[in-house]
Amino acid sequence: MIEFNPFNGVTPKNFKEFETLSDSSFVNIINPYSNLKSKEESFKDIYKKVRERYVKLKSNKYFIKDNQKCFYIYKKEKGGNSFLGIIGIIRTDNYVNENIRTHEDIIFKREKNFVEYLKIVKINAEPVLIFSNIDTDVKSILKKYCLEKGLHKFKDANGYENTLWRVNKTEDINTIRDSFKKTDNVFLGDGHHRASASVSLSKKLEVKDGYKYFSAYIIPEEKLKINEFNRIIKSKYSINSDEILNKISMSFDLRKISDTDKFSYKGEQFILFLNKSAYSVKIDRDKLPSELKTKVEPEIVNDIVIKEILGITNLSKDSRVSFIKGNSDINSILEIKNKAYKDENNIGIVLNPLKLEEIKKVSFSKIKLSPKSTYIRPKIPNGMLIYEME
């Protein structure tokens, strides 16, 4: 059960800039990372620059703010992939009270940076992704609006068709709001740091009501696309591959596979690229220590292979570890293989995407997954629909 409300959305006047995402486009101007020009500049200085540019763009009519509080229906599609859901704002209390379930831990330094960004820039430019069971009344509203001409329609730089509709009829707004007040089991799919930062900031600025909300895109759980984050480990020194393989075989069933074998994703089985050779590594839960027997694959690999065997204790800070977004396909496997084979001291790990039920199970537990355990889509274009906190 969550408090999901309409808001006065701010949209760009011209969506064509999403097609190229040039350095001068408004999307990059309001993106904090694209403004990082020199190491001498502090994040605070960069965020001030973002705020100044946003205010200037808005005064020059690059952005238009709705006079009425609305929900927004957003559809993203390409080929066989289609995502359809609703954008609104959620009260931060829902996160604090665990009405929204989370599955990943956060990196506190990153959350701190987001708090500073939101405090200075005063806008939410990228809604977090929420998934849940959506009732038939709300699904009927989604279908109804999809038959109408969209408020905005554009193709982005990745070839996705994006359509945005404004929901401004009182009856439809009340139906949507009332539905989510009764909806159990609402889950955060993507945006853990953004949501957590909004909560932290709301506690600091209690007197300002606009900071008590963050924007969210809610989609039916059956439409969620769950992919993996794969790993590349670059050793600074020469590695002893035989020793590593021997240690891995003590906790897993290890089998060397040739390049002619068909690489594929299989449950409870990940792919290891080491010393320019490929291995299929099957998880044998009977071999695992008791504290890992019920954990999901990314945590098992992190704890045993990366931390215990390779001696990398802090994955989020160690520069030797890179996280590569996967797409659960052969190209993702080959990408990791090619990166691993560039140097005999590189190690590549291809994981399986988690299942929806695994994510839900973790969400109800006290122990969360490490950051970069899941890569969940859809991703909402930054700057497409902005929530102004003041």
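Residues numbered from 1 in each chain as written. Predicted model: local features only at pLDDT ≥ 70, side-chain atom pairs only at ≥ 80, totals over all residues. Heavy atoms only, no water.

(A) Summary view of the overall build of the protein chain. Along the backbone of the protein chain there are 11 helices and 21 strands. Its C-alpha radius of gyration of 22 Å places the protein chain within 12% of the 21 Å reference for a compact globule of 390 residues. Each principal axis of the C-alpha atoms in the protein chain carries an extent, and together these give about 65 × 50 × 40 Å. Counting every position in the protein chain, which comprises 390 residues, the buried fraction comes to 52%. About 18,900 Å² of surface is accessible on the protein chain, with carbon and sulfur atoms providing 46% of the total. Mean positive and mean negative side-chain charge positions of the protein chain (71 and 54 charges, respectively) differ by 4 Å. (Helix = DSSP H or I, 4+ residues; strand = E, 2+ residues; numbered from the N terminus. Rg over C-alpha atoms; globule rule 2.2 N^0.38 Å. Buried < 20%, exposed > 50% of the residue type's maximum accessible area, 1.4 Å probe, protein only. Areas by Shrake-Rupley, 256 points an atom, 1.4 Å probe, with all protein chains shown as cover. Lys, Arg positive; Asp, Glu negative; His and termini not counted. Charge placed at Lys NZ, Arg CZ, Asp CG, Glu CD.)

(B) Here's a closer look at the pattern of salt bridges. Tallied over the entire structure, the rule returns 23 salt bridges. E161 serves as the salt-bridge partner of K155, at 4.0 Å between the closest nitrogen and oxygen. Accessibility expressed as a relative area gives 28% for E161, which makes it partly exposed. Across the pair D190 and K379 runs a salt bridge whose closest N-O atoms are separated by 3.0 Å. With D190 in strand β11 (residues 186–190) and K379 in the loop between β20 (375–377) and β21 (387–388), this residue pair connects regions lying 189 residues apart in the sequence. On the basis of relative accessibility, which here comes to 18%, the residue D190 falls in the buried class. K379 sits in the partly exposed class, given a relative accessible area of 23%. Taken together, the salt bridges that share partners define one network made up of E126, D190, R194 and K379. (Salt bridge = Lys/Arg side-chain N within 4 Å of Asp/Glu carboxyl O.)

(C) Representation of the pairing of strand β17 (residues 277–283). Burial within β17 is extensive, with 6 of its 7 residues counted as buried. Where strand β15 (residues 252–257) lies against β17, 6 bridges are found, and the strand directions are antiparallel. Opposite R255, over in β17, you have S280 as the bridge partner. Bridging between strand β16 (residues 269–274) and β17 involves 6 bridges; their strand directions are antiparallel. From the neighbouring strand, Q269 faces β17, where its bridge partner is K282. (Pairing = 2+ DSSP bridges.)

(D) Layout of the packing of helix α2 (residues 43–59) against helix α4 (residues 108–121). With their axes 9 Å apart at the nearest point, α2 and α4 run at an angle of 35° to one another. Viewed along their axes, α2 and α4 form a crossing whose handedness is right-handed. Residue-level contacts link F43, K44, Y47, K48, V50 and R51 of α2 to N113, E116, Y117, I120 and V121 of α4. Along the lines of polarity and charge, the residues of the contact of α2 with α4 split into 6 nonpolar, 1 polar and 4 charged. (Axes fitted to C-alpha atoms, helices over the stretch in contact; angles between N-to-C directions. Left-handed = near helix turned anticlockwise from the far one by under 90°. Contact = heavy atoms within 4.5 Å. Nonpolar A, V, L, I, M, F, W, Y, C, P; charged D, E, K, R; others polar.)

(E) Highlighting the packing of helix α5 (residues 136–146) against helix α6 (residues 170–181). The geometry of α5 relative to α6 is characterised by a closest axis approach of 9 Å and an angle of 140° between their N-to-C directions. Here α5 lies oblique to α6, going by the angle between them. Between α5 and α6 the crossing geometry is left-handed. In contact with D137, V138, I141, K144 and Y145 of α5, α6 contributes D172, T175, I176 and S179. Its residues assigned to classes, the contact of α5 with α6 comprises 4 nonpolar, 2 polar and 3 charged. (Parallel < 35°, antiparallel > 145°, perpendicular 65-115°, else oblique.)

(F) Spotlight on the environment of V305. Among the secondary structure elements, V305 is positioned in helix α9 (residues 297–309). Linking V305 and S140, residues 165 residues apart in sequence, is a C-alpha distance of 48 Å. With near-sequence residues (within four places) excluded, V305 lies in contact with I248, F252, F270, I300, L310 and I349.

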